[in-house]
Structure formats: structure tokens, C-alpha cells
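Each chain is listed here by its residues.
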Amino acid sequence: MAAVEEKVKQIIVEQLQVDEAEVTPGASFQEDLGADSLDVVELVMQFEEAFDLEIPDEDAEKIKTVKDAIEYIEKNAKGGK
Amino acid sequence: MQRRVVVTGLGLVSAIGNTAPEVWKNLLAGRSGMAPITGFDTTGFSVTFAAEVKNFDPLQFVDKKEARKMARFIHLAMAATHEAMESSGLKITAENGPRVGVHIGSGIGGFDIIEREHSAMLAGGPRKISPFFIPAAIINLAAGQVSIRYGAKGPNEATATACTTSAHSIGDAYRIIERGDADAMIAGGSEAAITPMGIGGFAAMRALSTRNDDPEHACRPFDKDRDGFVVGEGAGILILEELEHAKARGAKILAEIIGYGMSADAYHMTGMPEDGDGCFRAMQNALNSAKVTPQDVQYVNAHATSTELGDVTESRAMQRLFGEHATSHRLRISSTKSMTGHLLGGAGGLEAGITVMALIHQIAPPTTNLENIDPGCVLNYVPNTPQEAKIDVALSNSFGFGGTNGSLVFRRWE
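Residues numbered from 1 in each chain as written. Chains lettered and ligands numbered in written order. Predicted model: local features only at pLDDT ≥ 70, side-chain atom pairs only at ≥ 80, totals over all residues. Heavy atoms only, no water.

The name that an unreviewed UniProt entry assigns to chain B is 3-oxoacyl-[acyl-carrier-protein] synthase 2, with the source organism given as Paracidobacterium acidisoli. According to the UniProt record, the Pathway (unreviewed entry) comment for chain B is "Lipid metabolism; fatty acid biosynthesis." Per its UniProt entry, chain B bears the Sequence similarities (unreviewed entry) comment "Belongs to the thiolase-like superfamily. Beta-ketoacyl-ACP synthases family." (UniProt positions renumbered as here; feature names shortened; annotations may be inferred.)

Within an unreviewed UniProt entry, the label attached to chain A reads Acyl carrier protein, and the organism entered is Paracidobacterium acidisoli. The UniProt entry for chain A carries the following comment under Function (unreviewed entry): "Carrier of the growing fatty acid chain in fatty acid biosynthesis."

Structure (C-alpha cells):
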């Protein structure tokens, strides 16, 4: 499970060009990590790619924080690593 | 009273240099920017070379997160704008921001991004299209990104008139300042069409030189062995400013823009009429608007792309307009595309910048690869070596597909 957290953080750091230290569980993509709505769409695409998932738009809209992303992926990932 | 408009900054990026001074130095040295294409695998293409910008790192001008959201033509525009703004010393503040505008166009826009995202869609379906696809690729986003970076809140436009794009951008920006809608404009154009569809598309028209075994000598405007143009990439950005505004802040004035003419051929999608009437009228309109006579002009940076019909037609139009002043070889005419390649929508910006430098340095840069002049071309094309000359007034020509023509007139600043 820690592997998911690690990978999610890594994607966020790369996509949003933020310091790893900023990527705390409670950090909101838009309010704390400088993302705009399009950045979040792209971030979700990266999660889909990395964890071999398809995240429907209605679920994607609810992924607002680092913790939301980790929990969603842990619950739904098939062959992700 | 008529508002006068001057050039106070210059930024150029091309295959022969990533700054204006470097471009100028290499023009005078007659250096060619053409080489085999490195940006993609050219296997199966009839044309395998171009004039690519070299050693260009977009991350010098935009941060990594933003760079991903911009097509290459926007990266190049950001680089040229950076140099132009630095050289002008113009500081955009909350106070003057609404009076500073941007007019940066492109003939083609983000082919690189369009091709990439189309491939992603074909491979993985529509869900694989990046949310940044559209804003990274569309033409007016160079102007948009520049305004965001610098806080330029005045008029914001982008022209897309093929190879006349940035001549129109600069001319229209000049008019915007002249009529009082802004005090300064960041104006010019950018192009990055050295992609499979860009090269493949122009090659399909049989518009390009196929001298694959000798790229450096492929672009030979006015030479009888020319066989088509060479695609170049890059950007040319000028800072235009109302004269009193420039003086008030103690800006260094590089030249004055004094005229702008436009016309259409209304003839053919890509060809021009043999008499070059559209080119003639664009130049004539430009000189009329500048209130100068043909005899007042000492240098023309020609459009001349190294196509069989285009070069001789432009030359004929110049002969008609300038008469004995041209046939006597007093008027110097050169095509710097012989070294930079054809920047398409960026050509007018790059060449307006080169024209300004010709006025500053009092040197006409050469047309290289001019070994056997086409018998139909009888003027002074500054063959192969630069010519020192008294240049007070100079013209920069651009002609584009669709039969759209533009001509700019600059005057030396003393």
C-alpha cells in the first residue's frame, strides 16, 4: 500500500513541479499545490496511466487532495504497482 | 498631431542564432542554418533537411510545468520576447500594463502538439487527449502566454496570414499605437513547423528544395539553380513604442517604423500572378503611407524564398516600382532566407528585425548561394558578401499563401 502512496506522490511532484515536502496527505491540488482545473484533469490521466485504471469523471471530480487520490487508487487499482 | 512609432527592442531566434546579435553576426559571415532534420525520423520523406533552431532549451524561458503546456512555436516566441523585452528595458507595471499590448502570430501554430495528441487519441481513444491540447496548440496562445508572463493588458491579437503573418502583426501593432489604442506593443511572429506533417505537407506541394545531399547550398534565392524553399523555424519579436513614451523613459531607439502596406493577389491559392501586381501594390502602399518616394529607399529585405516563380516575380515587381534606382544597382536587395530558411509565419518578424539591424549598422546583409543569377533577375541582390551602404530607409517584404501581401517601411534613427 505504501507503494501506491509513493507513486502518487511522485506523479504529483512531477506533474505540478512542487517539493515533495509539500505533498502532504491533506494537501489540496488546487488550493495548496498550485494546480488549476486542467492540471487536475491531467493529473487524473497520469493516475489512470500509472495504475491501469479508468477513473470516471464523476469520481475524478471528488479527487481533490493527495489523500483522496491515494484512497481512491488503493480501492480501485487492478494491477497497479 | 500624428503619433510616431519607434522600435525600442529586438528579439530573434533562428537557425543561425538564438539572439539578435548572434543572428546578425552569422548573416554577415554568410553562415547557413540548414542541416539534416534532427527533430524526427525523416525516413521515407522526400525532404530530409531544414533550418532548425539549435541548442534551444525552453526551460531557460519558461518553467517546467508551464513548458509542457506550450507548443514549440510558443517556446520560441517566449524566448524572442524575453530578449526583446530585456533589450528595450520596458518595464510593464500595474499602471502602464493596460496600455501595453501583444500582437504575435503564427502561420501554422502547434503542429507538434496536434500530431502528438492525434497519435495519442488514435492509440488510446479520446480519453487520452490532454486537457492542454487546445491551449498548447492554438495560434493566439503565443500572444496569450506573453501577456500573462509580462502583465501586458492592452490589445491582444494574433494574425494567421501564412508567410505574411508577422509582417501583418508588426504593421497592425504599429497602427494600434498610431491610433492611440496602446502606447507600446510586443509584436512579431513565431513558427515551428519542422514536424512530419509540416515537412510532409510542404513537400507534397513540391514547394521545397530537395537538395538533400547539400543542405547548406539548398536555399539560393535569385540563383538560376534554385529548386524550392527550405523550412526554417524561429521567432522575431519587436518592441514598438510611441515616440514620446519611449523618449520619456529614456529608451534607446533602434529605428522608426514609418509605413505599412497591404494587398491581395486575388489570383490563386498558392501561386502569384506573373506581373507581381500584388507585391507591387503592397510595396507601393507602404511607401505611400510612409510618405517617401521609391528613390528614398536604399535597402529591401526581400521575401524571395528560393522558388522558381516567386523570386523572379518579386524582382519584377521591384523593378517596376523602383525603376532606374533598382536597375542601376543603387538599391540593395537581399534574401536572408538563404541562411535562415523560411520561417513562414515568423519570417516577417525575423526579417523586420534584420532590416532594423541593417539600418543600425549601415550594412546590407547578403543573399548567399548566389552563383549564377537568374537571367530574369537584373537587380543588386547583394550576392554572397555584405555591402556597406548609406541606408536611411529600408523595406521588408512578406508574401503568403492565399495571395496575402505585406510590406513594412523603417527609417534609420539618428
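From this point, the narrative continues.
## What about the sheet that holds strand E10 (residues 332-334) of chain B?
Residue and element names in this part refer to chain B. Read from one edge to the other, the open sheet built from ten strands follows the order E5-E4-E6-E7-E1-E8-E14-E13-E9-E10, with strand pairing classed as mixed. In this open sheet, the two edge strands, each paired with only one partner strand, are strand E5 (156-157) and E10. As defined by bridge partners, strand E1 (residues 5-13) adjoins strand E7 (residues 234-242) across eight bridges and the pair is classed as antiparallel. Among the inter-strand pairings, Val 5 is bridged to a residue of E7, identified as Glu 242. Helix-sheet contacts for helix H3 (residues 72-88) involve E1, strand E4 (100-105), strand E6 (184-191) and E7, and the interaxial angle to E1 is about 135°. (Pairing = 2+ DSSP bridges. Helix = DSSP H or I, 4+ residues; strand = E, 2+ residues; numbered from the N terminus. Contact = heavy atoms within 4.5 Å. Axes fitted to C-alpha atoms, helices over the stretch in contact; angles between N-to-C directions.)

## What to know about the pattern of salt bridges
All names here are of chain B. Taken as a whole and judged by the stated rule, the model has 31 salt bridges over all chains. Between Asp 223 and Arg 220 there is a salt bridge, with the nearest N and O atoms lying 3.3 Å from each other. Looking at Asp 223, the relative accessible area reads 0%, which means it is buried. One salt bridge connects Arg 330 with Glu 324, and the closest N-O pair in it is separated by 3.0 Å. (Salt bridge = Lys/Arg side-chain N within 4 Å of Asp/Glu carboxyl O. Buried < 20%, exposed > 50% of the residue type's maximum accessible area, 1.4 Å probe, protein only.)

## A few points about helix H2 (residues 37-51) of chain A
The first and last C-alpha atoms of H2(A) sit 21 Å apart over 15 residues, in line with the 21 Å expected at 1.5 Å per residue. What H2(A) keeps buried is the set A:Asp39, A:Val40, A:Glu42, A:Leu43, A:Val44, A:Met45, A:Phe47, A:Glu48 and A:Phe51. Along its buried surface, H2(A) packs onto helix H1 (2-16), helix H3 (57-60) and helix H4 (66-76) of chain A together with helix H2 (64-67) of chain B. Two or three places before A:Leu38, at the opening of H2(A), A:Asp36 has a side-chain oxygen 3.1 Å from that residue's backbone nitrogen. After H2(A) finishes, the residue A:Asp52 shows a positive phi value of roughly 50°. (Expected span 1.5 Å × (residues − 1). Polar contact = N/O pair within 3.5 Å; in protein donor to acceptor, adjacent residues only side chain to side chain.)

## With respect to the UniProt feature "domain: Ketosynthase family 3 (KS3)" (unreviewed entry) in chain B
The UniProt record marks residues 2-412 of chain B with the feature "domain: Ketosynthase family 3 (KS3)" (unreviewed entry), using the residue numbering of this structure. Secondary structure across residues 2-412 of chain B comprises 34% helix and 18% strand; the distance between its end C-alpha atoms is 19 Å.

## Here's the deal with the UniProt feature "active site" (unreviewed entry) in chain B
In the numbering used here, UniProt assigns the feature "active site" (unreviewed entry) to B:Cys163. Residues within four places of B:Cys163 in sequence aside, it is in contact with B:His303, B:His342, B:Leu344, B:Gly345, B:Ser398, B:Phe399 and B:Gly400.

## Section: a negative patch on the surface
On the surface, a cluster of negative charge is made up of A:Glu6, A:Asp19, A:Glu20, A:Glu22, A:Glu31 and A:Asp32. Mapped onto the elements of the fold, A:Glu20 is located in the loop between H1 and H2. (Patch = residues over 30% accessible without salt bridge, like charges linked within 9 Å, V, L, I, M, F, W, Y side chains within 5 Å. Areas by Shrake-Rupley, 256 points an atom, 1.4 Å probe, with all protein chains shown as cover. Lys, Arg positive; Asp, Glu negative; His and termini not counted. Charge placed at Lys NZ, Arg CZ, Asp CG, Glu CD.)

## Let's talk about the environment of B:Met34
Residue and element names in this part refer to chain B. Tracing the sequence through the fold places Met 34 in the loop between helix H1 (20-28) and strand E2 (35-36). Linking Met 34 and Ala 143, residues 109 residues apart in sequence, is a C-alpha distance of 28 Å. Ignoring sequence-local partners within four residues, the contact set of Met 34 consists of Phe 49, Ala 50, Ala 51, Pro 215, Glu 216, Cys 219, Val 230, Lys 337, Ser 338, Met 339, Thr 340 and Gly 341.

## Regarding the interface of chain B and chain A
Between chain B and chain A, the contact holds eleven residues from the first and 17 residues from the second. Carbon and sulfur atoms supply 44% of the area buried between chain B and chain A, which totals about 1,200 Å² over both sides. The largest contributions to the chain B side of the interface with chain A come from B:Lys65, B:Arg68 and B:Arg127, which together make up 50% of the buried area. Put simply, chain B and chain A have seven salt bridges between them. The partner of B:Lys65 in a salt bridge is A:Asp39, with the nearest N and O atoms 3.6 Å apart. At the boundary of chain B and chain A, one finds eight residue pairs in polar contact (both at pLDDT 80 or more). (Buried area = accessible area lost by both parts, 1.4 Å probe.)

## Considerations on the UniProt feature "domain: Carrier" (unreviewed entry) in chain A
Mapped onto this structure's residue numbering, the UniProt feature "domain: Carrier" (unreviewed entry) falls at residues 2-77 of chain A. Taken as a whole, residues 2-77 of chain A contains 59% helix and 0% strand, while its terminal C-alpha atoms sit 14 Å from one another.

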